[in-house]
Amino acid sequence: MKIGSVSVDRGILLAPMEDVTNMPFRRICKRYGADIVYTEFISSDGLVRDARRSLEKLKLADDERPVAIQIFGGDESIMVDAARRAAESGPEFVDINFGCWVKNVVVRNAGAALLKDPQQMEHLTRSIVNAVDKPVTVKTRLGWSRDNIVILDVARRIQDAGAKALTVHCRTRDMGHDGEADWSWIPRIKEVVSIPIIVNGDVKTPEDVKRAFDETGADAVMIGRAAIGHPFIFKLAKQYLETGSYTPTTPRERVETCLEHLRLELDNKSEKRAIHEFRKHYGGYLKGLRNNSWCRQDVVRLETYGEIEERMQRYADELETLLDPVAE
Ligand SMILES: Cc1cc2nc3c(=O)[nH]c(=O)nc-3n(C[C@H](O)[C@H](O)[C@H](O)COP(=O)(O)O)c2cc1C
């Protein structure tokens, strides 16, 4: 698949996720083999207002490339302005979010709301494509509701508008994150357009990555939730695609990567903020490791990096004395 200057064969991509895919996490996923990483969605209103939190999200690191900046919004002139600002920050491409299902986004005619008006989605995409000097891509869902699947029409329209790739989260808006993603739409989409199609939704394991490529013929696979606390999935999936098997990550590597992720957060924020915001990640990194609840309960109460490192290393040492450190 080729998107502007980015060329990846059977790429495995990190999905945009709000409050998750910030720069430190993207860098970690990149190190573990994610072929393209996406920023969390950035409010076009925030960017145009110069809101500090939105501008912070535009910062990119060289060792995470190729990276896409994702924006969302409902107002055409604001979206165009925001897309220009995003493009000026130097990503490999700009991605438009037409898939977010949450209420406070769709009530502003943004995100998945555009699935109710594919013509407007096409128009907005074309305006952005014409305004920026970077490739533009789109991420969306199958349709607004299960009885109104519009993805084939949407795919044709956004290709006509000049988008260079389309990511499809294979659920409808009314499903939120419930039910099963229906990958069977991907081959049908590929029949009607020639731009790269990226399959997304419920890719949880290296085996799923292979199945997603084999069953759908997608040009790339995008992983969201399964990468949270488990950035190793990219490396394991690549190993599986190449050899048909993979070596599970050791408990020591999980602990070391967790600490490395926290250190990257500390480079970008105050220690207090970094440590507080990082608390949501321990569960993922330690998931399935024996007796992890004691360690987790301790680290979420600690206030300095030094204390956290000491506690986590002690836990990794304990695990190495066990015959079966992985509980599930
Ligand atoms: C915590 C969280 C935040 C998300 N934020 C975004 C976002 O900012 N932009 C976006 O396009 N999708 C967002 N999504 C949706 C994911 O990108 C992805 O489409 C969805 O989780 C399905 O993929 P998965 O089954 O691999 O998780 C988010 C999902 C989660 C769980």
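It should be noted that the structure appears before, not after, this text.
Residues numbered from 1 in each chain as written. Predicted model: local features only at pLDDT ≥ 70, side-chain atom pairs only at ≥ 80, totals over all residues.

Colleague: I'd like to hear about the overall build of the protein, residue by residue, with values.
Modeller: Within the protein one finds 15 helices and 13 strands. Burial statistics for the protein: of 328 residues in total, 47% are counted as buried. A separation of at least 24 residues holds for 69% of the contacts in the protein among residues at least 6 apart in sequence. (Helix = DSSP H or I, 4+ residues; strand = E, 2+ residues; numbered from the N terminus. Buried ≥ 20, exposed ≤ 12 C-beta atoms within 10 Å, placed from the backbone. Contact = placed C-beta atoms within 7 Å.)

Colleague: Quick rundown of the packing of helix α14 (residues 292-299) against helix α15 (residues 305-320)? Include the residues and the values.
Modeller: Running from N to C, α14 and α15 cross one another at 175 degrees; their axes reach a closest spacing of 10 Å. Put simply, α14 runs roughly antiparallel to α15. On α15, the residues that touch Cys295, Asp298 and Val299 of α14 are Ile308, Arg311, Met312 and Tyr315. Considering only residue class, the contact of α14 with α15 consists of 5 nonpolar, no polar and 2 charged. (Axes fitted to C-alpha atoms, helices over the stretch in contact; angles between N-to-C directions. Parallel < 35°, antiparallel > 145°, perpendicular 65-115°, else oblique. Nonpolar A, V, L, I, M, F, W, Y, C, P; charged D, E, K, R; others polar.)

Colleague: Run through α15, naming residues and quoting values.
Modeller: The end-to-end C-alpha distance of α15, which contains 16 residues, comes to 22 Å, matching closely the 22 Å that a straight helix rising 1.5 Å per residue would cover. By the burial criterion, the buried members of α15 are Ile308, Met312, Tyr315, Ala316 and Leu319. Here the buried residues of α15 occupy an arc of 100 degrees about the axis, which is enough to place them on one side. More than 90 degrees from the buried face of α15, the exposed residues found are Gly306, Glu310, Asp317 and Glu320. The elements touched by buried residues of α15 are α11 (251-268) and α14. (Expected span 1.5 Å × (residues − 1). Arc of directions from axis to C-beta.)

Colleague: Quick one: what's the story with the site of the ligand, residue by residue and with numbers?
Modeller: Of all residues adjacent to the ligand, which total 21 residues, the nearest are Ala15, Met17, Phe41, Gly224 and Arg225. Partitioning the shell around the ligand into residue classes produces 9 nonpolar, 7 polar and 5 charged. (Near = placed C-beta within 6 Å.)

Colleague: Let's hear about the nonpolar core: which residues, and what values?
Modeller: The biggest cluster of nonpolar side chains holds 83 residues, and the ones touching the most others in it are Leu13, Ile71, Val168, Val199, Val221 and Ile223. Setting aside residues no more than four positions away along its own chain, valine 168 makes contact with Thr140, Leu142, Ile151, Trp185, Ile186, Ile189, Ile197, Val199 and Asn200. Ile275, Phe278, Tyr315 and Leu319 belong to the second-largest nonpolar core, a separate cluster that totals 16 residues. (Core = buried A, V, L, I, M, F, W, Y, C linked by C-beta atoms within 7 Å.)

Colleague: Give me the pairing of strand β7 (residues 93-98): which residues, what numbers.
Modeller: Summarising burial for β7: 6 of the 6 residues are buried, a large majority. Where strand β6 (residues 67-72) and β7 come together, 4 bridges link them in parallel fashion. Note that in β7 the partner of isoleucine 71 across the bridge is isoleucine 96. At this point the chain moves from β6, through helix α4 (residues 76-88), to the parallel β7, and the crossover so formed is right-handed. Alignment of β7 against strand β8 (residues 136-141), held across 5 bridges, turns out to be parallel. Looking across to β8, one finds that phenylalanine 98 is bridged to threonine 140. (Pairing = 2+ DSSP bridges. Right-handed = clockwise from strand over helix to strand, strands pointing away.)

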